[in-house]
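Coordinates in review
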Amino acid sequence: MTARELPLVVGVDGSEPSLRAVDWAADEAALRGVPLRVVYASLWERYEGTALAEDLAKPYEEVRADDIVATAARRAHRRRPEVKVSADVLAEEPEYALVREGRSASALVLGTRGRSGLVEMLLGSVSLAVAAHADCPVIVLRGGHDNRGGTGTHGRVVVGVGEKGTDSAALRFAFEEARLRHAALDAVRAWRCPAHESTDHPLLAGEPARLHEEAAAEVLEKALRDAPADVDLHRRTLEGPARRVLLAASHEADLLVVGARRNPGHLGLQLGRVAHAVLHHAACAVAVVPERE
């Protein structure tokens, strides 16, 4: 199957953030013209036992799981009747189930699920683990998003450009998202002038900074040399740490796209500091796109 035929997968758990993610995913599936697959994963039988639900002769948690996915599927269908929707309950740990689902998905969509009153601020462990290991793009809906995957409110997608300045999966994903949304695309390259290169001499002040900004512009131009002509593309070189620059840009975007290097021999989280920071603190939806070494 091609990427345009693979389903979009949304993970649900019955929480309000996951139901908002269903709305967003339904819009995104309609944009892409692909089916939507709703999944709920839990090892409830291991932790909750098999107490029967009254009058149903089935374990309570099994009934609850079936109800969660059915409710989410109905919600998606009501929102986007033209999208083919399927649903499934998976008896697995959510992190493993969703990463496996990503192997045959065009993208995964997840909501935030923080704890201790931080649901609008910090990312839940499941979303973080999936974003760090999935083989497909993972779109995480930050707590303050507006539920609209297709139209958005800003008409703008932002993508961070890395220091290598090469064509990347993240760039290609951002081009396609901007095209589908008829949105402008801001390609952002952050730069910094090391403190030891600055000078107080009035004739030299600003020269080191100019050189670093020019280098950033060159990296950006190299990365975008094959950019499609039908995308409304804006090149931006901004001074500051990449995390701070991209977080600031997220306040005026509907989607922030970042790459995450994948090293097959590494077993830990494979995100990088920038992706980790924007997943926790961005003001808009974040797409983490795996980049193979």
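It should be noted that the structure appears before, not after, this text.
Attention in this report is confined to the structure presented alongside it. In this text, all values refer to a predicted model and were calculated from it rather than measured experimentally.

Moving on to the overall build of the protein chain. If you tally the helices and strands in the protein chain, you get nine helices and ten strands. Sorting the 293 residues of the protein chain into buried and exposed places 49% on the buried side. In the protein chain, 79% of the contacts between residues at least 6 apart in sequence involve partners at least 24 apart. Total accessible area on the protein chain is roughly 14,600 Å²; 51% of this is exposed by carbon and sulfur atoms.

Relative orientation of the contacting elements helix 1 (residues 16–32) and helix 6 (residues 169–181) amounts to 90°, with a least axis distance of 10 Å. Accordingly, the angle class assigned to the pair helix 1 and helix 6 is roughly perpendicular. Every residue of helix 6 that contacts helix 1 at Trp-24, Glu-28, Leu-31 and Arg-32 is listed here: Phe-173, Glu-177, Leu-180 and Arg-181. Residues belonging to the contact of helix 1 with helix 6 are distributed by class as follows: four nonpolar, no polar and four charged.

A few words on the nonpolar core. Grouped together as the largest cluster of nonpolar side chains are 47 residues, with contacts concentrated most on Leu-36, Val-109, Ile-139, Leu-185 and Val-257. Not counting residues up to four positions away in its chain, the partners in contact with Leu-185 are Val-157, Val-158, Val-159, Ala-174, Phe-175, Ala-178, Val-231, Asp-232, Leu-233 and His-234.

What follows covers the sheet that holds strand 2 (residues 36–41). Sheet strands associate in pairs through backbone hydrogen bonding, adopting either a parallel or an antiparallel arrangement. Strand order across the open sheet formed by ten strands is 3-2-1-4-5-10-9-6-7-8, with mixed pairing between neighbours. The outermost strands of the open sheet, each flanked by one partner alone, are strand 3 (85–90) and strand 8 (233–239). Pairs of neighbouring strands in the sheet enclose a mean axial angle of 25°, with direction left out of account. As paired strands, strand 5 (residues 138–141) and strand 10 (residues 285–292) are joined by three bridges and run antiparallel to one another. Paired with Val-138 across the strands is Val-288, a residue of strand 10.

In total, this model carries 20 salt bridges according to the counting rule given. One salt bridge in this structure joins Arg-79 and Asp-27, with 3.0 Å as the shortest N-O distance. Of the two residues, Arg-79 sits in helix 3 (residues 60–79) while Asp-27 sits in helix 1, which places them 52 residues apart along the sequence. A salt bridge links Arg-80 to Asp-27, with the shortest nitrogen-to-oxygen separation between them at 3.0 Å. Pair noted here: Arg-80 is in the loop between helix 3 and strand 3 and Asp-27 is in helix 1, with a separation of 53 residues, a long-range link. Arg-80 sits in the partly exposed class, given a relative accessible area of 27%. Among the ionic contacts, a cluster of salt bridges with common partners joins Asp-23, Asp-27, Arg-75, Arg-79, Arg-80 and Glu-82.

The rules behind each value
- Residues numbered from 1 in each chain as written.
- Predicted model: local features only at pLDDT ≥ 70, side-chain atom pairs only at ≥ 80, totals over all residues.
- Heavy atoms only, no water.
- Helix = DSSP H or I, 4+ residues; strand = E, 2+ residues; numbered from the N terminus.
- Buried < 20%, exposed > 50% of the residue type's maximum accessible area, 1.4 Å probe, protein only.
- Contact = heavy atoms within 4.5 Å.
- Areas by Shrake-Rupley, 256 points an atom, 1.4 Å probe, with all protein chains shown as cover.
- Axes fitted to C-alpha atoms, helices over the stretch in contact; angles between N-to-C directions.
- Parallel < 35°, antiparallel > 145°, perpendicular 65-115°, else oblique.
- Nonpolar A, V, L, I, M, F, W, Y, C, P; charged D, E, K, R; others polar.
- Core = buried A, V, L, I, M, F, W, Y, C linked by side-chain atoms within 4.5 Å.
- Pairing = 2+ DSSP bridges.
- Salt bridge = Lys/Arg side-chain N within 4 Å of Asp/Glu carboxyl O.

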